[in-house]
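This is what each chain is made of:
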Amino acid sequence: MDKRGHVLNAVFLAVGLGFILEPAGDAATFRTIAAVFVPLVLGALFPDVDTHFGKHRKTLHNLPVLAIVAAYPIYFGNLHWVWLGVLTHYVLDALGTTRGLALFYPFWDEEFGAPVGVPVSSDYSDAMMLVITAFELVVAAGLVHVLPAYLPEGVTLPF
Ligand SMILES: [Zn+2]
């Protein structure tokens with residue numbers, strides 16, 4: 001997916017997440033959209049920095065990088081939601097394009113993807129991005145509104 005696709009995916013995801021986390025459509029909804037908007041876009045742009053530094057689809061397209069970004073809110077109290085932008089970048093590349101990503105780099109060079117993607121320059125890239133964004137929002141809504149009822153007592157989600 002190109003930069004445009006990743007940014008649009010992050011923008012739609014931010015708006016959708018606002019309504020998933022604060023469904024009333026009031027000030028709290030728009031505050032939530034604002035809170036996640038810039039971090040999601042920044043996170044979604046970050047992995048493709050490896051087109052210039054390192055090996056593309058490897059250096060910044062792997063689970064160790066996601067773990068490091070996800071550790072920032074826990075250890076440093078900053079970069080909240082940037083991990084989700086990085087994660088959605090991975091999902092969009094893996095599901096939306098024909099080339100996979102080296103999820104276990106630098107330990108293993110193998111690139112993993114799904115056999116459903118379209119070429120990055122395809123006319124269907126935007127449609128693919130919208131389908132994957134919708135899929136991600138369904139998963140997010142399930143995690144936020146359905147899953148908690150099935151968790152063991154005392155276990156809560158971190159969002
Ligand atoms: Zn990428």
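A quick note: this is a predicted structure, and the numbers were derived from the prediction, not measured.

Asker: Any details on the overall build of the protein chain? Residues and values, ideally.
Answerer: Summing up its helical and strand segments, the protein chain has five helices and zero strands in all. From first element to last, N terminus to C terminus, the protein chain shows the α and β order α-α-α-α-α. At 16 Å, the protein chain has a C-alpha radius of gyration in line with the 15 Å of a compact globule built from 159 residues. Projecting the C-alpha coordinates of the protein chain onto the three principal axes gives extents of approximately 40 × 35 × 30 Å. Looking at the protein chain as a whole, 30% of its 159 residues qualify as buried. Sequence-distant contacts, at least 24 apart, represent 57% of the contacts inside the protein chain between residues at least 6 apart.

Asker: Can you lay out the nonpolar core for me, pointing to particular residues and giving the numbers?
Answerer: Formed by 26 residues in total, the largest nonpolar core has its most connected members in A10, A14, L40, W83 and V86. Of all elements in the fold, only α1 (3-21), α2 (27-45), α3 (63-75), α4 (82-96) and α5 (125-146) reach the threshold of two or more residues within this core. Ranked by residues supplied to this core, first place goes to α4 with eight residues. Apart from the residues within four sequence positions on either side, L40 is in contact with A10, L13, A14, W81, L84 and G85.

Asker: Could you give me a rundown of the packing of α4 against α5, with the residues and numbers involved?
Answerer: Remark: α4 packs on α5, axes separated minimally by 10 Å, with the N-to-C direction vectors making an angle of 125 degrees. The angle between α4 and α5 falls in the class oblique. The interaxial crossing formed by α4 with α5 has right-handed handedness. On α5, the residues that touch T88, V91, L92, L95 and G96 of α4 are M128, M129, I132 and E136.

Asker: With reference to specific residues and values, describe α2.
Answerer: In this model α2 runs 28 Å from its N-terminal to its C-terminal C-alpha over 19 residues, within 8% of the 27 Å that 1.5 Å per residue would give. Largest kink in α2: about 30 degrees, centred on F37, with the proline P39 one to four residues after it. Those residues of α2 that sit buried are V36, P39, L40, V41, G43 and A44. Where α2 is buried, its residues contact α1, α3 and α4.

Basis of the calculations
Residues numbered from 1 in each chain as written. Predicted model: local features only at pLDDT ≥ 70, side-chain atom pairs only at ≥ 80, totals over all residues. Helix = DSSP H or I, 4+ residues; strand = E, 2+ residues; numbered from the N terminus. Rg over C-alpha atoms; globule rule 2.2 N^0.38 Å. Buried ≥ 20, exposed ≤ 12 C-beta atoms within 10 Å, placed from the backbone. Contact = placed C-beta atoms within 7 Å. Core = buried A, V, L, I, M, F, W, Y, C linked by C-beta atoms within 7 Å. Axes fitted to C-alpha atoms, helices over the stretch in contact; angles between N-to-C directions. Parallel < 35°, antiparallel > 145°, perpendicular 65-115°, else oblique. Left-handed = near helix turned anticlockwise from the far one by under 90°. Expected span 1.5 Å × (residues − 1). Bend = angle between axes of the 7 residues up to and from the residue.

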